[in-house]
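Below are the chains, spelled out letter by letter.
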Amino acid sequence: MRILVLNGPNMNMLGVREPEVYGSQTLGELERAVADHAASKGVEVECFQSNSESALIERIQEARGSFDGIVYNPAAHTHYSIALRDAVAASGVATVEVHLSDIAQREGFRAHSVIEPVCIAQIKGRGVRGYLDAVDLLSQRADRQAGRGDAAGNPSANCEDEASAQALPGRALAPRDVEAADPFERQALEVRSLPGAGESAARRLRLVGDFLQEQGLDAFCALGTSDIAWATAFENVFDDERAHALLVTQDGALLHTDSRYSHAARQASDAAGGLVAVSDERVSHARAVIDAACDRLGGRPLALGFEDDVLLKEWRALVSAAEGAPCGVSLQETSGALIGLRAVKDPGEIARLRAAQAVTDAAFAHIVRFMKPGMTEREVQIELEDYMTRHGARGLAFSSIVATGANGASPHAIPGDTRLEAGQCVVMDFGARAYGYCSDMTRTVFIGEPSRRLAEAYEVLRCANETVGATLMPGMTGREAHEMAEKVLADGGFGGLMGHGLGHGVGIDIHEQPTLSPRNDRPLPAGCVVTVEPGIYVPGEFGMRLEDCGVLTDEGYKVFGTSPHEMVII
């Protein structure tokens, strides 16, 4: 295995520059320590330092195909160099960002990293030891991907290896230790280069066209608002009302709506290059769709697909319209057609999901500073949701869950008047909607020092989350991921206490395909976005859950969020 060790500007001044912050070792001594440690692991390293952004970009680009991993201290470039961020992302080489000092605890301008989102981990505040830990992390990751785990096929890494790279050593964080990045800045970074609506709509309509051809259908009628929003790529048109129908044929698409939406829809259609025609003719959706389809087919018989989740009144309207149609109509039921196509996200969708997550991470950093013993669950919920709405959310992904003490044993508890008390843990499951997409995250925090049983349960929970997160790859099934988490929980003494599936897809809707559950034996595709959310629920005592959301890539599971897994004690 070969690892490239990169150091950015002013790192050549180590030993001279602020030794009380960066230590007394010189760059040469640091590089020798890394090389010696790597050699003991059978790993070859090459070290490079430059004060030049362009020189570092060139080395990162050259690493593709030549190195198996990068250990990178961007130094001052951390906080602003989009060019270096893009170079790391484009290289495809697993990269661990390292910092000698804990940047989160220094001046505010040093706390934010534009590089971290494209790295597999960030290690800060450990001095030279952080570089050695980064080498270990990359080596263990390579072993997992090469199948060099234990005899049972489990990862060779300890549960804490990858997760402990996210924060300072130790078993707990105070609220002030949770990084508070500006959600607006992070959102702007994520959505700076979104593809045009026309490009997105054209790609999605082609996918629907391919489905029609595979199924021998002439046209498809979509009635679900989320399916329609996805296929058209229209923005700022649809709300929660089921008030539209979309016809898709090989020749194009037609949105039938009413006068409340038609002006916004036509504007969105123009922005998307006119790929989707818009009609607000005062007839039923079924009549508009079937008449338009017959017209496009020139009167020949029509095989029209529709989803099996239509409402009964919608089905009756389709049957009635088909009986009076100007062409012969065969209604063909499909199951999970568009939701299946929506499972694999395109780059624009990933950017929107990351933008929604930016709000959620900021909300967590805020709420742990706000929470105090004596507050009610409802007070915490109101503050949490108000913060998200004021800091970049265009709405909530779902009604937030805040459950303390025994209430936490109900996975979908409704926040009430129960007060937070010392010795309890509090489950918070929440998400924002931004740029048309959802985020979903759960964290469990502790009011005062937890009992030994609570602390042990949380460590086992964290281990389950991180074991799956470190192992999840395209080709695994949802069942395999779920069973892996269940095994970790059982081995830790908390078997049979989860009850729900390990995870679900997230996108325009908060629950999409695929699922990580015992009922899903299908291989997970690269590009799908799923949650990993193991839970432990002990009725009458406590409940806890630890949930991340991320995208499955050929290199593994990339979590969108930056919120820590370490225990947070209020």
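Before going into details, it helps to say that this report is about the structure given with it. (Residues numbered from 1 in each chain as written. Predicted model: local features only at pLDDT ≥ 70, side-chain atom pairs only at ≥ 80, totals over all residues. Heavy atoms only, no water.)

1. Digging into unusual backbone geometry
Here's step 1: Residue Gln513 is joined to Pro514 through a cis peptide bond whose omega torsion reads -5 degrees.
Here's step 2: For Pro514, the location among the structural elements is in strand β19 (residues 512–516).
Here's step 3: With phi around 55 degrees, Ala75 is a residue other than glycine that occupies positive phi space.
Here's step 4: Note that Ala75 resides in the loop between β3 (69–73) and α4 (82–91). (Helix = DSSP H or I, 4+ residues; strand = E, 2+ residues; numbered from the N terminus.)

2. Focus: the packing of aromatic side chains
Here's step 1: Using the criterion set out here, one finds four aromatic pairs in the structure.
Here's step 2: Taking 6.3 Å as the distance between ring centres and 10 degrees as the angle between the ring planes, the aromatic pair formed by Phe234 and Phe238 counts as stacked.
Here's step 3: A relative accessible area of 7% places Phe234 in the buried class.
Here's step 4: With a relative accessible area of 19%, Phe238 lands in the buried category.
Here's step 5: Relative to Tyr458, the ring of Phe446 has its centre 5.5 Å away and its plane inclined at 85 degrees; by these criteria the two rings are edge-to-face. With Phe446 in strand β17 (residues 441–446) and Tyr458 in helix α16 (residues 452–471), the pair connects residues that are twelve residues apart, well separated along the chain.
Here's step 6: A relative accessible area of 1% places Tyr458 in the buried class. (Phe/Tyr/Trp six-rings, centres within 6.5 Å; stacked < 30°, edge-to-face > 60°. Buried < 20%, exposed > 50% of the residue type's maximum accessible area, 1.4 Å probe, protein only.)

3. Points about the pattern of salt bridges
Here's step 1: This structure, assessed with the given rule, holds 33 salt bridges.
Here's step 2: In this structure, Arg242 engages Glu314 in a salt bridge whose closest nitrogen and oxygen atoms are separated by 2.7 Å. Of the two residues, Arg242 sits in the loop between α9 (225–232) and β8 (245–249) while Glu314 sits in helix α12 (residues 312–323), which places them 72 residues apart along the sequence.
Here's step 3: Of the residues examined, Glu314 reaches a relative accessible area of 14% and is grouped as buried.
Here's step 4: Overlapping salt bridges bring together Arg2, Glu44, Glu46, Arg59 and Glu62 as one network. (Salt bridge = Lys/Arg side-chain N within 4 Å of Asp/Glu carboxyl O.)

4. Comments concerning the pairing of strand β23 (residues 548–553)
Here's step 1: Of all six residues in β23, six are buried; the element is thus mostly enclosed.
Here's step 2: Here four bridges tie strand β20 (residues 529–532) to β23, and the two strands are oriented antiparallel to one another. Along β23, the bridge assignment pairs Val532 with Asp548.
Here's step 3: Alignment of β23 against strand β24 (residues 556–559), held across four bridges, turns out to be antiparallel. (Pairing = 2+ DSSP bridges.)

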